[in-house]
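Results of the structural survey
This is what each chain is made of:
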Amino acid sequence: MTKFTQFLFILLFTITAQSQTKKFKVVLDAGHGGKDYGATYHGNIEKKISLNTVLKVGEILAKESNIEVVYTRKTDVFVELNERANIANRSKGHLFVSMHCNANDNQAAAGNETYVMGVTRNAANLEVAKKENAVVTLESDYKIKYDGFDPKSPESVMGISIMQEENIQQSIDIAGKVQQAFTKFTPSKNRGVKQAGFLVLRKIIMPRVLIEMGFVSNKTEGAFLNSADGQDKLAEAISKAILGYRDDFFKLETITTPKKDEPKKDTVKKDDPKKTDAKPSTDNKTAIEGVSFKVQISASGKKLETLPKNFKGLKNISIEKENAIYKYFYGLTTSYATAKQLLADANAKGYSSSFIVAIKNGKKIKLSEAIK
């Protein structure tokens, strides 16, 4: 290969890599597969339902020009849990969505629920996690691979080593969107957003959720899950949720990135003691009528007092409760420029997953709409 050819190859690779970074990358994970059938009731097989639905979701998303879809499996094959995480992390995706079906000895149980990674002592949530984690027993040397993990032990489920706050707020947001879309597009009961320790989620370094689309053990709901029409409705709901998440978070990154030589506006000096008070701006050039901004810094199942000592010294913290999860926000301003400064302050304090939220007339709206 000549030096000129090498130069062309490097240039082409660089251009391709840059163009790829502009796409929102979604990793779709069809639960179970191959020798692992998942839950099976009344002729309804979880591994088939999850794969069919994942492929339908992928087909819908692929129609969007700025979305790239990555699959952990596209056929009926067995993929180890660690490998699913490896596929996701190698792809450098922006979102990981794992799709499953629930089951219960009580065959009247019905409805859908979406899980984010977390440690819980709730008996029902633990039971769901134990069933989904049991797949590791089909892997060789699983106790070595997963640090002595025992899928039958509640202590093992609760003791999974994770970074509790990393990406948790984005995960909760997409989980909420999934549940809202299920309510709109399916007849099933909304069982809400929950937390539990899932092995498939533990090593993933991006916002991630595990969706239990319904109960195959319920004859009526199982038939819905196993039907082409039911899978179409599920796929439509999940796709809408993913697209809504993309609009809220992915475009935010491209919008808030300043141009190289762009002068900073409405900045607050670092040594200004008022910077953490997040007072609403009255600057007519930067204020947007009827719209305000705040920065979501964290979310947790635990309620904390909104004192600076609980939030690394940040003041003006507010709290909202949503689906048994407490969301914590920093500051409040009508200036988008000030909101970006607040975001920078939060990042400097260690809240690397924080993001700007826009509110109009007391309701959250898309950031892209707010700054138009």
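Under an unreviewed UniProt entry, the name given to the chain is N-acetylmuramoyl-L-alanine amidase, and the source organism is Flavobacterium terrigena. Quoted straight from UniProt, the Catalytic activity (unreviewed entry) entry for the chain says "Hydrolyzes the link between N-acetylmuramoyl residues and L-amino acid residues in certain cell-wall glycopeptides."

Our focus in this paragraph is the sheet that holds strand β7 (residues 190–196). With mixed pairing, the six strands of this open sheet are ordered in space as β4-β1-β5-β8-β6-β7. Lying at the two open borders of the sheet, with one neighbouring strand each, are β4 (67–71) and β7. Each neighbouring strand pair of the sheet contributes to a mean axis angle of 25°, computed without reference to strand direction. As paired strands, strand β1 (residues 24–30) and strand β5 (residues 95–102) are joined by five bridges and run parallel to one another. Bridge pairing in β5 places Val26 opposite Leu95. Taken strand by strand, helix α2 (residues 46–61) contacts β1, β4, β5 and β8 (208–215), and its axis lies near 165° from that of β1. Of the strands in this sheet, β5, β6 (112–117), β7 and β8 are in contact with helix α7 (residues 168–185), which crosses β6 at around 175°.

Within the largest apolar cluster, 50 residues are counted, with the highest numbers of intra-cluster contacts made by Leu28, Leu61, Met213 and Ile242. Mapped onto the domain boundaries, this core takes at least three residues apiece from domain 1 (24–249) and domain 2 (291–369). Listed in part, the 20 residues of the second largest apolar core include Val291, Phe311, Ala346 and Ile356.

The next subject is helix α11 (residues 336–348). For α11, with 13 residues, the first-to-last C-alpha span of 18 Å sits near the 18 Å given by 1.5 Å per residue. All of the buried residues in α11 are Tyr336, Ala337, Thr338, Ala339, Gln341, Leu342, Leu343, Asp345 and Ala346. Here α11 starts with a cap whose side-chain oxygen sits 3.4 Å from the backbone nitrogen of Ala337, and that cap is Ser335. Gly350 sits one or two residues past α11 and shows a positive phi near 110°.

With that settled, the discussion passes to the confidence of the model for the chain. With 68% of its residues at a pLDDT of at least 70, the chain reaches an overall mean of 76. Throughout residues 142–151 the model reports pLDDT below 50, and contacts reaching past four residues in sequence, or to other chains, amount to 31 contacts.

Right, let's get into the environment of Asn106. Among the secondary structure elements, Asn106 is positioned in the loop between β5 and β6. Classification of Asn106 as partly exposed rests on a relative accessible area of 47%. Expressed as a C-alpha distance, the spacing of Asn106 and Asn218, which sit 112 residues apart in the sequence, is 8.4 Å.

Another aspect to go through is the packing of aromatic side chains. Summed over all chains, the structure comprises three aromatic pairs. Relative to Tyr245, the ring of Phe24 has its centre 6.2 Å away and its plane inclined at 50°; by these criteria the two rings are tilted. With a gap of 221 residues between them, Phe24 in strand β1 and Tyr245 in helix α10 (residues 228–256) connect regions that are remote in the sequence. With relative accessibility at 1%, the residue Phe24 sits in the buried group. Arranged with centres 5.5 Å apart and planes meeting at 50°, the rings of Phe293 and Tyr336 form a pair that is tilted. Of the two residues, Phe293 sits in strand β9 (residues 291–300) while Tyr336 sits in helix α11, which places them 43 residues apart along the sequence. Look at Tyr336 and you get buried, because its relative accessible area is 11%. Positioned above the aromatic ring of Phe329, the side-chain terminus of Lys294 is 4.2 Å from the ring centre.

This part is about the side chain of Ser171. Its location among the elements puts Ser171 in helix α7. Judged by relative accessible area, Ser171 falls into the buried class, the value being 2%. With near-sequence residues (within four places) excluded, Ser171 lies in contact with Val116, Pro207, Arg208 and Val209.

This part takes up the pattern of salt bridges. Scanning the model with the defined rule gives 13 salt bridges in all. Here Lys47 and Asp76 are joined by a salt bridge, their closest N and O atoms 3.0 Å apart. Taken together, the residues span a long stretch of sequence, with Lys47 in helix α2 and Asp76 in the loop between β4 and α3 (81–91) at a distance of 29 residues. Take Lys47: its relative accessible area is 4%, and that puts it in the buried class.

Analysis parameters
Residues numbered from 1 in each chain as written. Predicted model: local features only at pLDDT ≥ 70, side-chain atom pairs only at ≥ 80, totals over all residues. Heavy atoms only, no water. UniProt positions renumbered as here; feature names shortened; annotations may be inferred. Pairing = 2+ DSSP bridges. Helix = DSSP H or I, 4+ residues; strand = E, 2+ residues; numbered from the N terminus. Axes fitted to C-alpha atoms, helices over the stretch in contact; angles between N-to-C directions. Contact = heavy atoms within 4.5 Å. Core = buried A, V, L, I, M, F, W, Y, C linked by side-chain atoms within 4.5 Å. Buried < 20%, exposed > 50% of the residue type's maximum accessible area, 1.4 Å probe, protein only. Domains from an automatic or database assignment. Expected span 1.5 Å × (residues − 1). Polar contact = N/O pair within 3.5 Å; in protein donor to acceptor, adjacent residues only side chain to side chain. pLDDT = per-residue confidence, 0-100. Phe/Tyr/Trp six-rings, centres within 6.5 Å; stacked < 30°, edge-to-face > 60°. Lys NZ or Arg CZ within 6 Å of the ring centre and 35° of its normal. Salt bridge = Lys/Arg side-chain N within 4 Å of Asp/Glu carboxyl O.

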